[in-house]
Amino acid sequence: MNAPHATPAEFDAVSALFALAGAADWIGLRFVEEVSQHRGVRNGRPERNQVHISRGAMVETVVDGNLAYAATPDLSPAGLRNAADRATRLARAGARHAMAMFSPALRPAGYGTVTGPCEQRFDSLSLEELTARLIAACAHLRVSGDIVETAAEITLTEHSSRYVTSSGADVAQRFHLVSQNFQATAQEGPEIQRRSLNGPVARCLQGGLEVLDFDRIYRECERAGREALELLAAEDCPSETCDLLLAPDQMLLQIHETVGHPLELDRILGDERNYAGWSFVKPEDFGRLQYGSSLMNVSFDPTFPGEFASYGFDDGGSRAHREYLIRGGLLLRGLGGLESQARLALPGVANFRSAGWNRAPIDRIANLNLEPGDSTLDDMIASVERGIYMSANRSWSIDDYRRKFQFGCEYARLIEDGRLTDVVRNPNYRGVSLPFWHSLKKVGNPDTFGIFGTPFCGKGEPNQMIRVGHASPHCLFSGVEIFGGGR
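Throughout this document, residue positions are counted from 1 along each chain, in the order its sequence is written. Note on the predicted model: pLDDT of at least 70 is required for a residue's local features to be given, and 80 or more for side-chain atom pairs to be given and counted; whole-chain, interface and lining totals, by contrast, use all residues. Only hydrogens and water are set aside when side-chain values are computed; all heavy atoms of the structure are taken into account.

(A) Summary view of the overall build of the protein. Helices and strands together make up the secondary structure of the protein, namely nine helices and 24 strands. Counting only C-alpha atoms, the protein reaches 70 × 55 × 35 Å along its principal axes. Looking at the protein as a whole, 58% of its 487 residues qualify as buried. Two residues form a contact once any of their heavy atoms are found within 4.5 Å. Taking contacts inside the protein between residues at least 6 apart in sequence as the whole, the part at least 24 apart equals 75%. Charged-residue counts in this description rest on Lys and Arg as positive and Asp and Glu as negative, His and the chain ends being excluded. The atoms used to mark charge sites are NZ of Lys, CZ of Arg, CG of Asp and CD of Glu. Side chains of the protein give 50 positive and 61 negative charges; the mean places of these two sets differ by 4 Å. Helix and strand assignments come from DSSP, with helices taken as H or I runs of at least 4 residues and strands as E runs of at least 2, each series counted from the N terminus. The cut-offs for exposure are 20% and 50% of the maximum accessible area for each residue type, with area from a 1.4 Å probe on protein chains only; residues under the lower value are buried, those over the upper are exposed, and the others partly exposed.

Structural data, given as structure tokens:
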């Protein structure tokens, strides 16, 4: 018999599901536990040392073809029975208003155990040792007295889940996740500039402590500190239209906002219009719309080893596969799980995901990557007569349809006559999604590839903050409007 607060090792999901038999026409049970440790140091002093444990289960039931949910942190037989009864009452009450009928085909009988990479366990480094490394990182960030603030943060998360259904699904998954943020803020008079390692919390990977190479981190912290000082002394970014070379840590946001969100099938259906927004993409665009230039190849790949949103099955039991969403610039399929695929009669992917045990799965971005091309970074720079190189996002604005956008970066350098020249501060650019992607004229080779992500993709009502991964090479776009902080 399961205890009210059973751990993943203690919780018997199969017997718990068996005890709920007969409560509805179909039943699913998803158990989730997340243990997160956040360690933060500011200006060389420990600021946050927190441990957060979240554990519970979501029960899905079907009555007369209508699906409903109820979640509970009480994992005892009585707690799960109460959740199942509540879900059953909701399913029965909503059956005559259902927008779509449930079929067991929407919850395939996935079966398997998936464990993500972890070579060095989180507890192999004591709190004192980890904090000492973050204090040292702050010292490396402070390369001058003009650095007025330093911050070093790491979040370590262990995620365990088990999904079982009355139609035969049984999936167990376990992942270790590491998020990092290191940043230096420089000030001279009224001018303040910040430089971080690839943008705030963009360094997100699956793995154990082996992903934290502190010798490399210290070197990069010193570079970030020096670049913050360069920005203080730099001129403002000019306002003009020119070539734009984006680093992978800015391509992260470009892919996320102008490819990922517009292609979510539940947005295209209008399910998210009250909160997260709609999409300029229409159902009839799949298989017909030339989304970008022929160099644009975008894959959905939750099988990418070590990327932040890798998994073996989504939260509906569908096995994850690598799929091209856009190939040669042509839009092929959307980001939607089996429910949205059935409603739209369009191909999708295994991305039916929830942010936790008390949230229902919806269509989410997972690992969404721009495939490498064949240009070296030097070749891309040498091909530009007048342009700008930008890296690391610091601000974004995009309309509800994901059509028009305006993004700001931390760091930029002009490109003149095929060479990187002056550093400029407050760099921004703007565009319209489809014309922007049509202006893609060079894609970097695998040597220019970077793997990043974010733990803060928000969507859904109630809100679900979920992890996504984005990998990309450097990319060169033509005829982009750029401007500085004064506009």
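(B) Geometry of the packing of aromatic side chains. Any pair of Phe, Tyr and Trp rings, taking the six-membered ring for Trp, is counted once the centres come within 6.5 Å. Such a pair is stacked with planes under 30 degrees apart, edge-to-face with planes over 60 apart, and tilted for the rest. Under the definition given, this model contains 14 aromatic pairs. A centroid spacing of 4.9 Å and a plane angle of 45° characterise the contact between Trp 26 and Phe 102, whose relative ring orientation is tilted. Pair noted here: Trp 26 is in strand β1 (residues 26-42) and Phe 102 is in the loop between α2 (77-94) and β4 (111-115), with a separation of 76 residues, a long-range link. Its relative accessible area of 5% is what places Trp 26 among the buried residues. Aromatic pair Tyr 429 and Phe 436: ring centres 6.0 Å apart, planes at 20°, arrangement stacked. With respect to burial, Tyr 429 and Phe 436 carry one shared label: buried. Three or more aromatic residues joined by ring pairs form one cluster here, namely Phe 405, Phe 407, Tyr 429, Phe 436, Trp 437 and Phe 477. Cation placement over rings: the criterion is NZ of Lys or CZ of Arg within 6 Å of the ring centroid and within 35° of the ring normal. Cation over ring: Arg 133 sits above Phe 214, and NZ or CZ is 5.7 Å from the ring centre.

(C) Representation of the pattern of salt bridges within the structure. Within this document, salt bridges are pairs made up of a side-chain nitrogen of Lys or Arg and a carboxyl oxygen of Asp or Glu, the two lying within 4 Å of each other. A full pass over the atoms with the stated rule returns 29 salt bridges. Of the charged contacts in the structure, one is a salt bridge between Arg 194 and Glu 410, with a shortest N-O distance of 3.9 Å. On the criterion of sequence distance, the pair formed by Arg 194 in strand β7 (residues 191-196) and Glu 410 in strand β18 (residues 404-416) is long-range, its members being 216 residues apart. The class for Glu 410 is buried, based on a relative accessible area of 0%. For Glu 410, the salt bridge identified is with Arg 195, shortest N-O distance 2.9 Å. Here Arg 195 lies in strand β7 and Glu 410 lies in strand β18, a separation of 215 residues in the sequence. Given a relative accessible area of 4%, Arg 195 falls into the buried group. Several salt bridges converge on common partners, so that one network encompasses Arg 194, Arg 195, Arg 223, Glu 227 and Glu 410.

(D) Quick peek at α2. Expected helix span is computed as 1.5 Å times (number of residues minus one). Over its 18 residues, α2 runs 26 Å from end to end, which matches the ideal 26 Å to within 8%, given 1.5 Å per residue. For α2, the complete set of buried residues consists of Gly 79, Leu 80, Ala 83, Ala 84, Ala 87, Thr 88, Ala 91 and Gly 94. Buried residues belonging to α2 abut α1 (13-19), β1, β2 (45-63) and β3 (66-72).

(E) Representation of the pairing of β7 within the structure. Note on pairing: DSSP must find at least two bridges between two strands before they are called paired. Inspection of the sheet shows strand β6 (residues 170-188) paired to β7 by six bridges, in the antiparallel sense. What sits directly across from Gln 183, in β7, is Ser 196. Connecting β6 to the next strand, β7, in antiparallel fashion are two residues, including Gly 189 with a positive phi near 60°.

(F) The arrangement of the UniProt feature "domain: Metalloprotease TldD/E C-terminal" (unreviewed entry) in the protein in detail. With numbering aligned to this structure, UniProt lists the feature "domain: Metalloprotease TldD/E C-terminal" (unreviewed entry) at residues 240-482. Each end of residues 240-482 is marked by a C-alpha atom, and these two atoms are 6 Å apart; helix forms 15% of the span and strand 38%. UniProt positions are given in the numbering used here, feature names are shortened, and annotations may be inferred rather than shown by experiment.

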